[in-house]
Amino acid sequence: MGEKYGKGHHAMLNKGEDNEMEIFGYRTEGCRKTLCIAGYLFSCGILPLIFYWRPAWSVWANCVPCSLREADVVLLRTTDEFQIYSRKKVTWISLSSLNGSVSLTRDHPLIADEEYVINRAISRPDLKVRYIQVQKIRYVWNNSEERFQKVGCLEDGLTAAKIHLKFGSGLTREEQEIRRLVCGPNAIDVEITPIWKLLIKEVLNPFYVFQLFSVCLWFSEDYKEYAAAIIMMSVISISLTVYDLREQSIKLHRLVESHNSILVTVCRRKAGTQELESRHLVPGDLLSLSGNKTQLPCDAILIDGGCVVNESMLTGESIPVIKTALPKMGDTVPWKLCGQEDYKRHVLFCGTEVIQTRAAGSGTVRAVVLQTGFNTAKGDLVRSILYPKPMNFQLYRDAVRFLLCLIGTATIGMVYTICVYVLSGEPAEDVVKKALDVITIAVPPALPAALTTGIIYAQRRLKKNGIFCISPQRINICGQLNLICFDKTGTLTKDGLDLWGVVPSDRDGFQEVHNFTSGSTLPWGPLFGAMTSCHSLIVLDGTIQGDPLDVKMFEATNWEIENSGIDFHIRGVPAQAMIVKPSQATCETPVGGIAILHQFPFSSALQRMSVIVQEMEGDRMAFMKGAPERVVSFCQPDTVPSNFASELQNYTMQGFRVIGLAYKRLEFNHHITALMREKVESDLIFLGLLILENRLKEETKPVLEELTSAHIRTVMVTGDNLQTAVTVARKSGMIAESLRVILIEANEADGSSPASVTWKLLEDRKHTGYRHQDIYINIGEDDSRLRGEEGSYHFAMTGKSYQVISQHFSSLLPKILMNATVFARMSPGQKSNLVEEFQKLDYFVGMCGDGANDCGALKMAHAGISLSEQEASVASPFTSKTPNIECVPHLIKEGRAALVTSFCMFKYMALYSMIQYVGVLLLYWKTNSLSNYQFLFQDLAITTLIGITMSLNGAFPKLVPYRPPGRLVSPPLLLSVLLNVLFSLVMHMLGFILVRKEPWYSATDVFSACSLTKGNISMMPASPVTSGNVGSDSFMSYENTTIWFLGTINCIIVALVFSKGKPFRQPIYTNYIFVIVLVIQTGACIFLLFANIPDLYQRMDLVCTPTLWRVYLVIMLAVNLILSLIVEIHRQLLPQQVSMLRVTWKELKEAGPTLQEVPRESWRPDCQGYEGAAARGTTIPTVPAPWADDDGHGPLTRSFRFAKHFVHVMSSDGVTVISITKKLWHVQQPYPGKTVLAYS
C-alpha cells in the first residue's frame, strides 16, 4: 500500500517493539464524505454499523491517500498475524496558547535547539504541533525526520554527561510549560467507563445485532414468546457483561487513582524548589527526594545520592532494591550503555516505593524525570491490561469458518424457499419472511451464548480451586497445553534458603566444611567479614530486610546492623554510613565493627555484587559475592584451588545453591566515589564457597510426575546456577535419574575464532565441537550409548549459550529446543524469547512463575500462571491463590473439559439448527412450516435447557496422555457432524415420504386417521377446523406432525450422543441436572406422541395419527440413536489423531507413546507392497524415540497398531522409513543414522 501511493504515505510506528504498527496517511475529501452521509441515510444505519465494525473501510470510503505530512486521518495496522486496523484523527496543538505565560517566537532559544524531539515537532512559523494518540501514548510529527515519534520520555540517545549537564539544575518555568503542553499530563488516567458507553458497545456487537434482526423478524411473524425469551436472555447477558466490565473499570481506576495526586518537590533552574502535583511533571524535571515511604509518580533517573526501593509492583518480590546514581562520565555513548551495570540500577520506576533515601554527603537525593504517564513502567502494565494481545487459537478461527458454512447453507435454503413460494403464488411479503426465517434457523442466534456457557462454568470451578482468571477465553487454550515452563526458586523449590555451611579456601585448596547447624561460629577473618558486610540489607521499622540469601548469610554471623548518626566521626567513613557490628551475644572479635562505604549492587546480568568497606580504625577492603564461576574469573589464579570445578560440581549436583566469595585490600589514597568498579573488582583473593540449601516443595514432584505421565513436557527456566538447576530437575523427576544430560556451551566469536558450540555429557565431560555447520549433531563415541535407550538424553544450557545460539546458530536452535529441559542463568528477556521460540515449534506453552522476573514470559505464554498475588500479576491470565504448582494440572484439566464442552456445544447447536433446517425445508415443499408453539417447544423447552445444563460436567480427575482435538474443522469432528446430519436428513425424508404413502393419509382432511379425535374436535366451539379440512393458514398436517416429532426427539438424541464424558470430562451420569432434564424432555415428548388430548394437540398444531405410525416413528428414532451412538463411540475409541483422509506427523507423534507393539510373526504379511505406496506418501520429519530401531540396520524391525492401521518402521544403512498400511501411507524423510536430535 505504501509503495502504491508513494513513500511518504506509509511508515512504521514503534519499529521493533511489541506494539509495532504500520501507519498510513489519508486526507478527508468533501465529496466522498457527502456520499457516505447519503449512504448512512439510505441504508437506514446499516452502513455506519459496517464502518464501526470495519474502521479501515470507513477511512477508504471517506478519504483519499496522501503523505503522512498532509494527513488529517491516519490508518493503523498491527504487524502481527491479526492485522487489526484502527483509525486515528490527527490533532493540532498551538503553542500560541502559552503567550500569556511564555512569549514565543519562531527563533526563541527555548525551541531553537533541535536536539530534542519536542522542538523538532514544532512547525514554524505558526508554532503548532501535530500529534496522534494511540493506545494512550502521544506521538508527535517530527518535522526533521518526517515521522511520528513518541513523546513523554527523554531521548534514548542522550549521554550520561548530557543528562547531568542539561537537567542537573532543573528546567526553567518556560521549558516546563512547553513540555507540559506537548507531552500532556503525567497521569495514568483510567476513566470509569459510563454505563451507557459500555451498553452501546456491547449492543453493537455483531452477535447482538443478528439477535435484534432475528427478534424483529419473529415479532413480525407473531413468534412473540421465543422472541421475548431471547430478549430476556440477551438483557441478562448484556447486563452481566456490562456489570463485569464496569467492575473491572472501577478496579483499574482505583489501582491508578492515587498515582495522579502525589505531591512532589521539583527543582527549577534559578528558581529554587517548588511543590506541585505529580500530574504536572514533564520529562526532564528534576525531583528532590526526601523521607521514606514515597510512591514514585513517574520513571526517573537517579543522578545524586542513593535509594532503597520496593519494586514488588514490577517483580512480585517485596525485596528492597538498592538504586545508585548515574555516573557523570560517558559523553560518547547513550546513558543506558555507559557502564557494565544494568541501566535499571539507576532508574526509579513509576509505581514503586522509595523506602529509604541516602544522600551523598550533605546534599539531597535528586532524580531526573525520564518518562511520564503511560510511557512509564506502571503505565505500560496498565496498557497491557487495557489493550491485551489478541489470541490466536485455531478453535475460534474454525468457529468463524463453520459459521460461514452455516451462512452458505442458509443462502441455499433461501434460494430454495424463494423458488418454492414464488412458484406457489404466495404473496411477496410471505416469501421474504419465509426466506429470512431460514437464516435464523440455519444460524442459531443462541450459538455464541451456548459456547460461552462451558467457559463460565469452568471459570467458576477454577475459582473454587483458588485459581483466578482475568481472561476467560484462555481457558479453552489451556486444554491444548503440551509444554509447561517452570521457574525454579519459589515455584518448584521453597522461597526460603537455609544456610548449610561454608567451605573456606586457601592457597593449598579447600578446607573442611564449617557447618552452621552445629551452632558453632566461624572464626574471624576475611571470609567472616564478607558474610557480615557483602550484602544489600537495610533496617526498616526495626527489622532487617533484603534478599533472603543475604538475610540467611548475615543472620549466621550473629552481628547486627545500624545506621551511623550525624555525630559519627571515623577517618574515611562518611556520616550516615551503614555499620555492621557484633551483637552482645557474639564472642569477642578483633574489630569493633565494619562500615559499608559503597555498594556495587547485584545485577542478574553481571551475576555478582561488590562492596567497599572499612573496619573501625582499620583497613579498607573490597568484598565480592556472586556466582562462583564469575567470582573466580576476577580472582588471582593462584588463590583459586585446583579442585575448584570438582568441588563446585560436588555441591551443585546435590542440589545446593552455591555462592562464591572473594576480597582484596584497598589503599586509602582514593576517594570511594572515584573508584571504578573495574578497578575494585580485579586481582581478588578467593575466600571460599557459601553453601545454601533450597528444598523442593512437597507438591512439586507429584505434580511433575502427573504431567509427565500425561505426556506434557516440562522445562525449567531459571536464573540460578546450571548445575543446581540440573540437580533440582533430577530430584523433582523432570529428568529421570537414569537419563543423561548433555551440556551445551556456546561461545561468541573471539578475534579469529568463529562462534562455536560444544557438547559434553555432564557425567563424562567428553566434548564434541560444532562450528558454523547446519548438520545433525554427532555425539561421537557416546552416540551409540545415547541411542540405546528410549528418549535417553536431555539438553541443558545457560542464558549466555542460548543467546549465542540464537544469534549465530539460529537454524540449530529449533532442533536443540526439541530436547532441551534446563535453561539456567536466564534473564527476564531471554525467558520471554524462549517461550516465543517454543511457540514457533507449534507448542502450546504454559508458563508458571512466582512473579519474580517472570512477568514477560507470563504475558508471552499461551497460559501464564502466576503464583504471586502482587500487582505484577495483574496482566497474567491466571493467578493461583495457593503458591505451588498444583494449580497447573488443575488448570489443564479444566481447560480440556472446557475445550471438549465447547466442541460438544458447537456440534449440538449445529445439529439442532440443521435438524430444524431440514425439517422446515421439507415442509416448505408443501408450503407448510412449523407453528410458533412448535418452534417454541424446540427452541425453549428443549435446546435452551440443554444448552444451560449440558456444560455442567466437571473435569475428569486424571490427566490422560493425549489432548482433545484443537480444531473444529478436523476430519473426525466433521465426519461426526456430517454423518449425524445425514442420518437426520434420511430419517426426516423417510418420515416425510412414508407418511404420504399411508392409506389413512389425506392432504385435506387432517382427521382422517383418527375418528375419535375428529369427533372430539367437532364438539369444540369456534374451532377453526370444523369439518376436518384445514385452512390455508393452518400448520396442521400429517407431514408437520411427523417432521416435528422426529425433529424434537432427535434434538434430545444428539444432546445425549454429543455429551462426551471420559477421558476429559466427568461421565454424563455425574451431571444429574442434565440427566434429569433429558429424562423429563424425553418423557414429555413420548407423552405428546402417544397422548390423545385434543386441546393439547390443537394448541400445538398437531394432528392425531394411528398408534402404529407412532410406533414407526419411535423405531426410526431408535435406529437413528443407535447409528449416532455407533458413529460417536467408534470415533471416541479411535485416537483423535486418526483421520479418514490423512494422518499428520504431529498427530502420529502424539500417539506414539500409547501405541501397542505387534509381535513380528503376526505383522509381516500386512507389509506386502509397501514400497510402492511409500513413494506416494507425505514427507514428515524425524523418527521419535519410541519408534527408533535397535541397531539402525536390517529390514522392517518394529510395527505398532494404530487404531485399525499398522505403523511400520524400517531402518537400513542409517535411513529410517515409516509407513502405514491399509490405505494410509506416510514416509519419513531419510536422515543420517547417527543423530541424537532425531528423538523429539
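Below or above, wherever it landed, is the structure these notes cover. (Residues numbered from 1 in each chain as written. Predicted model: local features only at pLDDT ≥ 70, side-chain atom pairs only at ≥ 80, totals over all residues. Heavy atoms only, no water.)

Further remarks concern the overall build of the protein. In terms of regular secondary structure, the protein is built from 39 helices and 48 strands. By the burial criterion, 54% of the 1240 residues in the protein qualify as buried. Taking the intrachain contacts of the protein between residues at least 6 apart in sequence as the baseline, contacts between residues at least 24 apart amount to 71%. (Helix = DSSP H or I, 4+ residues; strand = E, 2+ residues; numbered from the N terminus. Buried < 20%, exposed > 50% of the residue type's maximum accessible area, 1.4 Å probe, protein only. Contact = heavy atoms within 4.5 Å.)

The subject of this paragraph is the pattern of salt bridges. Evaluation of the coordinates by the stated rule reveals 24 salt bridges. For E29, the salt bridge identified is with R32, shortest N-O distance 3.5 Å. Of the charged contacts in the structure, one is a salt bridge between R677 and E681, with a shortest N-O distance of 2.9 Å. Using a relative accessible area of 7% as the deciding quantity, one classes R677 as buried. The exposure class of E681 is buried, given its relative accessible area of 4%. Residues joined in a network through salt bridges with shared partners are R120, E145 and R147. (Salt bridge = Lys/Arg side-chain N within 4 Å of Asp/Glu carboxyl O.)

The next thing to look at is a nonpolar patch on the surface. A surface patch of nonpolar side chains, about 880 Å² in accessible area, is lined by I1086, F1090, L1108, V1111, Y1112, V1114, I1115, V1119, I1122, L1123 and I1126. Put simply, the parts of the chain that give the nonpolar patch at least two residues each are α34 (1072–1090) and α36 (1107–1133). Per-element tally for the nonpolar patch: the top contributor is α36, with nine residues. When you line up the elements, V1111 lands in helix α36. (Patch = residues over 30% accessible without salt bridge, like charges linked within 9 Å, V, L, I, M, F, W, Y side chains within 5 Å. Areas by Shrake-Rupley, 256 points an atom, 1.4 Å probe, with all protein chains shown as cover.)

In spatial order, the strands read β6-β7-β8-β9; together these four strands make up an open sheet with antiparallel pairing. A single partner strand is all that each edge strand has here, and the edge strands are β6 (91–94) and β9 (147–150). Strand-to-strand, the axes of this sheet are offset by a mean angle of 40°, without reference to chain direction. Alignment of strand β8 (residues 137–142) against β9, held across four bridges, turns out to be antiparallel. Within the sheet, the bridge partner assigned to Y139 lies in β9 and is K150. (Pairing = 2+ DSSP bridges. Axes fitted to C-alpha atoms, helices over the stretch in contact; angles between N-to-C directions.)

Here four strands make up an open sheet; going across it, the order is β13-β18-β15-β16 and the pairing antiparallel. The two strands at the open ends of the sheet, each matched to only one other strand, are β13 (294–295) and β16 (320–323). When strand β15 (residues 306–310) meets β16, the two strands line up antiparallel, connected through four bridges. By the bridge assignment, C307 is partnered in β16 with K323.

Glancing now at unusual backbone geometry. Backbone torsion omega between K1062 and P1063 reads 5°, so that peptide bond is classified as cis. A positive phi angle is found at N14, which is not glycine, with a value near 60°. Structurally, the position occupied by N14 is in the loop between β1 (10–13) and β2 (21–28). Here N14 falls in the buried class, since its relative accessible area comes to 10%. Even without being a glycine, R825 presents a positive backbone phi close to 50°. The residue R825 is located in the loop between β39 (820–824) and α27 (828–840) in this model.

Okay, the packing of helix α29 (residues 887–924) against helix α30 (residues 932–949) next. Contact pair α29 / α30: the axes reach a minimum separation of 11 Å and the direction vectors enclose 170°. The angle between the axes of α29 and α30 places the two elements in the roughly antiparallel class. The residues of α30 that touch α29, namely those facing M905, Y908, M909, Y912, Q916 and V920, are F935, Q938, D939, I942, T943, I946 and G947. Of the residues in the contact of α29 with α30, the class split is eight nonpolar, four polar and one charged. (Parallel < 35°, antiparallel > 145°, perpendicular 65-115°, else oblique. Nonpolar A, V, L, I, M, F, W, Y, C, P; charged D, E, K, R; others polar.)

With that settled, the discussion passes to the environment of L171. Relative to the assigned elements, L171 resides in the loop between α6 (160–167) and α7 (173–183). Note: C-alpha distance between L171 and V266 (95 residues apart in sequence) is 9.2 Å. Those residues in contact with L171, other than ones at most four positions away along the chain, are Q176, R179, C267, R268, R269, V282, P283, G284 and D285.

The pairing of strand β10 (residues 263–268) with strand β11 (residues 272–277) spans six bridges and is classified as antiparallel. Within β11, the position partnered with V264 by the bridge is L276. For β10 and strand β12 (residues 286–289), the ladder comprises two bridges, and the chain directions are antiparallel. Within β12, the residue paired with V266 across the bridge is L287.

Turning next to the environment of L959. With respect to the helices and strands, L959 occurs in the loop between α30 and α31 (971–997). As for L959 and R896, which are separated by 63 residues in sequence, their C-alpha atoms are 9.3 Å apart.

For the rest of this paragraph, the subject is helix α10 (residues 224–257). Taking 1.5 Å per residue, 34 residues should reach 50 Å; α10 reaches 47 Å between its end C-alpha atoms and fits that length. Looking only at α10, the buried set comprises Y226, A227, A229, I230, S234, I238, V242, S249, I250, L252 and V256. Those residues of α10 that are buried are in contact with α8 (195–203), α9 (206–220), α12 (377–386), α29 and α30. (Expected span 1.5 Å × (residues − 1).)

Within strand β4 (residues 73–78), six of the six residues are buried, leaving the element largely enclosed by the surrounding structure. Inspection of the sheet shows β2 paired to β4 by six bridges, in the antiparallel sense. If you follow Y26 over to β4, its bridge partner there is V73. In this sheet, strand β5 (residues 85–89) lies alongside β4 in antiparallel orientation, the contact comprising five bridges.

Attention now goes to the nonpolar core. Y226, Y908, I942, I946, M950 and W1044 are the most contacted members of the largest nonpolar core, which totals 89 residues. Element by element, the count of residues in this core is highest for α29, at 20 residues. Ignoring anything within four residues of it in the chain, the contact list for I942 reads Y908, F937, T1048, C1051, I1052, Q1081 and C1085. Membership of the second largest hydrophobic core comes to 44 residues, among which are I865, F878, I892 and A898. (Core = buried A, V, L, I, M, F, W, Y, C linked by side-chain atoms within 4.5 Å.)

On to the packing of aromatic side chains, then. Inspection of the entire model under this criterion finds 25 aromatic pairs. Aromatic pair W1044 and F1045: ring centres 5.1 Å apart, planes at 70°, arrangement edge-to-face. Take F1045: its relative accessible area is 3%, and that puts it in the buried class. Each residue in the set W1000, Y1001, Y1038, W1109 and Y1112 is aromatic and connected to the rest through ring pairs, giving one cluster. Over the ring of W141 we find R130; its NZ or CZ atom is 5.4 Å from the centre of that ring. Just above the ring of Y131 sits the side chain of R138; from NZ or CZ to the centre is 4.3 Å. (Phe/Tyr/Trp six-rings, centres within 6.5 Å; stacked < 30°, edge-to-face > 60°. Lys NZ or Arg CZ within 6 Å of the ring centre and 35° of its normal.)

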